[in-house]
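# Structural description and commentary
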Amino acid sequence: MSQRTSEMLVEKVQKGLPLEVARDSTILEIGLKIGALLAQRSLPDILTSFGLEESLAPKIFNLAATKSMQHLAEAFMVVVGGGGAAGIPTPSCLRRHLPEGRDPTDEEMEEAIAACRREAQAKV
């Protein structure tokens with residue numbers, strides 16, 4: 001997950017959104033931005049510009065029903081939303097690594113995201 005994506009997620013959580021809503025909102029926001037850029041640039045280039053791994057492009061292409069902008073954006077949301085090493089961590093993983101009973105700091109959110117990515121990478 002890119003720093004830009006991480007910052008979006010952290011900002012939404014710190015605004016008081018529940019983890020599920022913050023995560024879904026982040027995925028949707030980036031998916032819509034990527035969908036809008038697909039008419040002008042290649043998917044690997046767009047992913048790189050968002051700080052995401054270019055290796056996600058083949059997974060997205062394989063999942064999309066067609067190469068239309070809408071289908072690619074929808075496939076992006078599924079691939080990145082899967083919580084894998086390159087995606088946005090699942091709320092259940094984040095909860096395991098965040099403090100209970102209070103809002104997390106920026107550093108705690110970043111550490112939780114990194115821990116979830118390490119867990120996902122270990123499963124691969």
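Now for a description of the structure that goes with this document. All figures in this text were calculated on a predicted structure; none of them were measured in a lab. (Residues numbered from 1 in each chain as written. Predicted model: local features only at pLDDT ≥ 70, side-chain atom pairs only at ≥ 80, totals over all residues. Heavy atoms only, no water.)

## Re the pattern of salt bridges
For clarity, the threshold we go by: Whenever Lys or Arg places a side-chain nitrogen within 4 Å of a carboxyl oxygen from Asp or Glu, that contact is recorded as a salt bridge. Here a helix means four or more residues in a row that DSSP labels H or I, a strand means two or more in a row labelled E, and each is numbered from the N terminus. For each residue, the accessible area found with a 1.4 Å probe, counting protein chains only, is set against the maximum for its type, and the residue is called buried under 20%, exposed over 50%, and partly exposed in between.
A complete count under the given rule lists seven salt bridges for this structure. Note that Lys12 is salt-bridged to Glu29, the shortest N-O span being 2.9 Å. A residue pair is termed long-range when its members are at least 10 positions apart, and Lys12 in helix 1 (residues 3–14) and Glu29 in helix 2 (residues 19–37) qualify at 17 residues. The exposure class assigned to Lys12 is buried, which follows from its relative accessible area of 14%. The exposure class assigned to Glu29 is partly exposed, which follows from its relative accessible area of 28%. Overlapping salt bridges, with partners in common, bring together Lys12, Glu29 and Lys33 in one network.

## Description of the environment of Ile34
Worth spelling out the cut-off: In what follows, residue pairs with any heavy atoms lying within 4.5 Å of each other are defined as contacts.
In this fold, Ile34 is placed in helix 2. Since its relative accessible area comes to 1%, Ile34 is described here as buried. Residues in contact with Ile34, not counting those within four places in the same chain, are Leu43, Ile46, Leu47, Phe50 and Phe76.

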